[in-house]
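Examining the three-dimensional arrangement
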Amino acid sequence: MAVGGPSKIEPNFRYTYYSTAVANGDEEVWDFFWGVYQNATTAAEKRKCLFALAQSRIPWLLNRYLSWSLDRNYIRQQDALSVIDYVAGNPNGRDTAWLFVQEKWDELLKQFGSGSFSFGRMIKRTTGHYTTHFMYNQVKAFFDARPNAGAGTRAQQQALESIQANIDWIQRNEAVVTFWLKQTST
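Computed from a prediction, not measured in an experiment: that's the story for all the values here. (Residues numbered from 1 in each chain as written. Predicted model: local features only at pLDDT ≥ 70, side-chain atom pairs only at ≥ 80, totals over all residues. Heavy atoms only, no water.)

**Side note on the overall build of the chain**
Rules: The secondary structure listing takes helices from DSSP runs of H or I that are at least 4 residues long and strands from runs of E that are at least 2 residues long, numbered from the N terminus. Exposure categories follow from relative accessible area, calculated using a 1.4 Å probe and restricted to protein chains: below 20% of the type maximum is buried, above 50% is exposed, and the middle band is partly exposed. Contacts between residues were defined by any pair of non-hydrogen atoms, one from each residue, lying within 4.5 Å. For every accessible area listed, the method is Shrake-Rupley and the probe measures 1.4 Å; residues are considered covered only by the protein chains on display.
For the chain, the helix and strand inventory stands at 10 helices and zero strands. Walking the chain from its N terminus toward its C terminus, one meets helices and strands in the order α-α-α-α-α-α-α-α-α-α. Once the C-alpha set of the chain is aligned to its principal axes, its extents read approximately 55 × 50 × 25 Å. Each of the 186 residues in the chain was classed as buried or not, and the buried ones make up 43%. Long-range pairs, those at least 24 residues apart, make up 67% of the contacts in the chain with a sequence separation of at least 6. When the accessible surface of the chain is split by element, carbon and sulfur atoms take 54% of a total near 10,300 Å².

This is the structure we're talking about:
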């Protein structure tokens, strides 16, 4: 950690510093920044920590963090969906976040599904990055079995549209990009 701790880091650099430290650190580093989060006195500092904690590359830490997002002893209710979004934004946590949403769907819908725009954002963040027909079909089957998503109903359709757009882009451009990469790497 920085000499003197996180308070000695320029506030504008804390997102980067915290995120890089957690992404490249171990459990001890993660726990350190969990302590920073717990002791933070401003909402801005708490938000930086919540984001950074989701950048871990250690799967079990991401799983624990996701489970804590629904435990009010750890994460405030208004921050729960942000934690899920942040983990979904981490390439190492995308699938973990989607599995968590599937497992906790009923609880998430009950807590956030009626009128929360954040619920719709969470749906798109945990699914919109997929690029295969297999995942499109899996996500669609999950949504089809749960047609009443409250505030997330439109987001379900948008997520499927995003996955289809990703599939279409790859089909149109994969050969050209692969050719270009081969040409420029020699």
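**Here's the deal with the environment of Gly150**
Inspection of the secondary structure assignment puts Gly150 in the loop between α9 (133-144) and α10 (153-184). Judged by its relative accessible area of 36%, Gly150 falls in the partly exposed class. Those residues in contact with Gly150, other than ones at most four positions away along the chain, are Leu109 and Gly113.

**Quick word on the nonpolar core**
To keep things clear, this is the line we draw: Residue types Ala, Val, Leu, Ile, Met, Phe, Trp, Tyr and Cys, when buried and joined through side-chain atoms within 4.5 Å, form a set referred to as a nonpolar core.
Counting 51 residues, the largest nonpolar core has Tyr65, Leu108 and Phe119 as its most contacted members. Residue contributions to this core peak at seven residues, all from helix α5 (residues 77-89). Once residues lying within four places of it in the same chain are set aside, the contact partners of Phe119 are Leu81, Trp105, Leu108, Leu109, Phe112, Gly113, Ala149 and Gly152.

**Some remarks on the packing of helix α4 (residues 59-69) against helix α6 (residues 94-103)**
Rules: A fitted line through C-alpha atoms represents every axis, and for helices the fit uses only the stretch in contact; the resulting angles, taken between N-to-C directions, go from 0 to 180 degrees. In this scheme the handedness of a crossing depends on how the near helix is turned from the far one: anticlockwise by less than a right angle means left-handed, clockwise means right-handed. Residues are grouped as follows: nonpolar covers Ala, Val, Leu, Ile, Met, Phe, Trp, Tyr, Cys and Pro; charged covers Asp, Glu, Lys and Arg; every other residue, Gly included, is treated as polar.
Two elements in contact, α4 and α6, have axes whose closest approach is 10 Å; the angle formed by their N-to-C orientations is 35 degrees. Of the two possible hands of crossing, α4 and α6 adopt the one that is right-handed. Together, Asn63, Leu66, Ser67 and Ser69 of α4 and Thr96, Ala97 and Phe100 of α6 make up the contact between the two elements. Looking at side-chain class alone, the contact of α4 with α6 contains three nonpolar, four polar and no charged residues.

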